Amino acid sequence: MDKAPVLLLAPLPEFLLQPLLAAYECHDYFHAKDKDALLAGVGAQIRGIVMAGGSVSPVALLERLPNLQIISVFGVGYDGVPVDWCRAHGVRVTNTPDVLTEDVADTASALVLMTSRNLIMANRFLQAGAWLKGPFPLAHAVRGKLAGIVGLGRIGKAIAHRLEAHGMRVAYHGRARQDVTWDYFDSLLELAKAADFLIVACPGGAATRHLVNVDVLAALGAKGTLINIARGSVVDEAALIAALQSGMIRGAGLDVFENEPQVPQALMDCENAVLLPHLGSGTHETRRAMAALVVDNLAAHFGGKALLTPVC
Ligand code: NAP
């Protein structure tokens, strides 16, 4: 049987690439030197796309793939996919929810502890030999503090459970109140005012762009720390840098940035920020489970079966 032609929009790990190469005629758009020539040659045959959570499939590209049937995202966030366009053109979209939830929540709670206890600075302090001259300065406890979660979805809830285990109180903001015991704030500004840690766990994309702006940071204030494991686009990064520099907020723990992998030097220079290279789901176990879901969704689609995790 002929292998279905599939376009790869992102660099993929071997444990995903190998099963894709075995089952499909893969065309590496990401590494192609002449992308236009690649599309001119095979665009009309392409039936599937595989992309990463952080990659983008613009309408201008999709319009050159008249026989496209499915986009499979290796990640839960699909803000790089024009979903309305796909729906209107009968293109199915899948992602990899659930299997990454626990690892991303671990990363968020690690950032809460790293920022509150100054653990990165403490590590540097010891390695620089400063302990021989005196003790490390006192930090802040998390117990009793309020964690305000922006976007109480799968990951947001998993973060809430972890932070409760650390003795923290939890409240949340989203577009609607949920059937949970945690306090709901319909105003993000009011949640920021109340919170000691404002933790961003909502989707990226146009609807949430710069949701955390200078007003939200001012409301969070000098008692507050911003944690972002969602998407860099949700936070106004220039306003955040200014807030960290001026002491408007106490600190930040960030796994995502507006223009990854570029991180502004001014942000790297902020000693009150802990910065991670978008590793929220970056474990062997989780990335393999995500890869299996990508492969299984494609197999279901091309085998005429229901998708395991449909977006549309
Ligand atoms: P999810 O279950 O869909 O949860 C998203 C939550 O955000 C929902 O509860 C939704 O609630 C809320 N939300 C949507 N729009 C909002 C808005 N305008 N303001 C406030 N809340 C809003 O998704 P998930 O699986 O938890 O994943 C969340 C996001 O995490 C993903 O979209 C992805 O971008 C990011 N992520 C990052 C990493 C990483 O490596 N750092 C890894 C995985 C995922 P309502 O609809 O009620 O508002």
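Criteria and thresholds
Residues numbered from 1 in each chain as written. Predicted model: local features only at pLDDT ≥ 70, side-chain atom pairs only at ≥ 80, totals over all residues. Heavy atoms only, no water. Pairing = 2+ DSSP bridges. Helix = DSSP H or I, 4+ residues; strand = E, 2+ residues; numbered from the N terminus. Axes fitted to C-alpha atoms, helices over the stretch in contact; angles between N-to-C directions. Contact = heavy atoms within 4.5 Å. Near = heavy atom within 4 Å. Polar contact = N/O pair within 3.5 Å; in protein donor to acceptor, adjacent residues only side chain to side chain. Areas by Shrake-Rupley, 256 points an atom, 1.4 Å probe, with all protein chains shown as cover. Nonpolar A, V, L, I, M, F, W, Y, C, P; charged D, E, K, R; others polar. Parallel < 35°, antiparallel > 145°, perpendicular 65-115°, else oblique. Left-handed = near helix turned anticlockwise from the far one by under 90°. Buried < 20%, exposed > 50% of the residue type's maximum accessible area, 1.4 Å probe, protein only. Right-handed = clockwise from strand over helix to strand, strands pointing away. Arc of directions from axis to C-beta. Salt bridge = Lys/Arg side-chain N within 4 Å of Asp/Glu carboxyl O.

A.B. asks: Sorry if this is basic, but what is going on with the sheet that holds strand β5 (residues 92-94) here?
C.D. replies: On the basis of which strands lie adjacent, the open sheet formed by 5 strands has the order β2-β1-β3-β4-β5 and parallel pairing. Every other strand in the sheet has two partners, leaving β2 (24-28) and β5 as the edge strands with one partner each. Between one strand and the next, the sheet's axes are offset by a mean angle of 20°, whatever the strand orientation. Looking at chain direction, strand β1 (residues 4-8) and β2 are connected through 5 bridges and run parallel. Directly across from Leu7, in β2, lies its bridge partner His27. Taken strand by strand, helix α1 (residues 14-23) contacts β1, β2, β3 (48-52) and β4 (70-74), and its axis lies near 125° from that of β2. With respect to the sheet, helix α12 (residues 284-302) is in contact with β1, β2, β3, β4 and β5, its orientation differing from that of β4 by roughly 170°.

A.B. asks: What am I meant to see in the site of the ligand here?
C.D. replies: Inspection of the region around the ligand gives 27 residues, with Arg154, Ile155, Arg175, Ile229 and Asp255 positioned closest. For the ligand, an oxygen atom lies 3.1 Å from a polar atom in the backbone of Gly153. A distance of 2.7 Å is found between an oxygen atom of the ligand and a side-chain nitrogen or oxygen belonging to Arg175. Relative to its unbound accessible area of 930 Å², the ligand is 85% covered by the protein chains. In terms of residue class, the shell around the ligand is built from 13 nonpolar, 10 polar and 4 charged.

A.B. asks: What's the story with the packing of helix α5 (residues 101-116) against helix α7 (residues 154-165) in this structure? I'm lost.
C.D. replies: When two helices pack together, their arrangement is given by the angle between the helix axes and by the axis-to-axis distance. Close contact between α5 and α7 brings their axes to 8 Å; oriented N to C, the two are set at 50°. The orientation of α5 relative to α7 falls into the category oblique. Relative to α7, α5 is oriented so that their crossing is right-handed. Packed against α5, whose contacting residues are Thr101, Glu102, Val104, Ala105, Asp106, Ala108, Ser109 and Val112, the element α7 presents Arg154, Ile155, Ala158, Ile159, Arg162 and Leu163 at the interface. When its residues are assigned to classes, the contact of α5 with α7 shows 8 nonpolar, 2 polar and 4 charged.

A.B. asks: So what exactly am I meant to see when it comes to the pairing of β4 here?
C.D. replies: Every other side chain in a regular strand lies on the same face of the sheet, so the side chains alternate between the two faces. In terms of residue burial, β4 counts as a mostly covered element, since 5 of its 5 residues are buried. Burial along β4 is two-sided: Ile70, Ser72 and Phe74 facing one way and Ile71 and Val73 facing the other are all buried. Relative to β4, β3 is paired through 5 bridges, and the arrangement is parallel. Along β4, the bridge assignment pairs Val50 with Ser72. Pairing of β4 with β5, which is carried by 3 bridges, proceeds in the parallel orientation. Along β5, the bridge assignment pairs Ile71 with Val93. Between β4 and its parallel partner β5, the chain crosses via helix α4 (residues 83-88), and the hand of that crossover is right-handed.

A.B. asks: How should α1 be read in this particular structure?
C.D. replies: Given 3.6 residues per helical turn, the α-helix brings residues three or four places apart onto the same face. Of the residues making up α1, those classed as buried are Leu16, Leu17 and Leu20. End-on view of α1: buried residues confined to an arc of 95°, all on one side of the axis. Those residues of α1 that are buried are in contact with β1, β2, β3, β4 and α12.

A.B. asks: What is the right way to read the pattern of salt bridges from this model?
C.D. replies: Any two side chains of opposite charge can pair, on the condition that their charged atoms come close. Taken as a whole and assessed by the stated rule, the structure comprises 7 salt bridges. Between Asp36 and Arg64 there is a salt bridge whose closest N-O contact spans 2.6 Å. Of this pair, Asp36 sits in helix α2 (residues 35-42) while Arg64 sits in the loop between α3 (59-62) and β4, and the two are 28 residues apart along the sequence. For Asp36, a relative accessible area of 47% puts it in the partly exposed group. Of the residues examined, Arg64 reaches a relative accessible area of 33% and is grouped as partly exposed. One salt bridge connects Arg231 with Asp79, and the closest N-O pair in it is separated by 3.0 Å. Residue Arg231 is located in the loop between β10 (225-228) and α10 (237-246), and its partner Asp79 is located in the loop between β4 and α4; the two are separated by 152 residues in the primary sequence. We classify Arg231 as buried; its relative accessible area is 16%. Connected through salt bridges with shared partners, the residues Glu102, Asp106 and Arg162 form a single ionic network.

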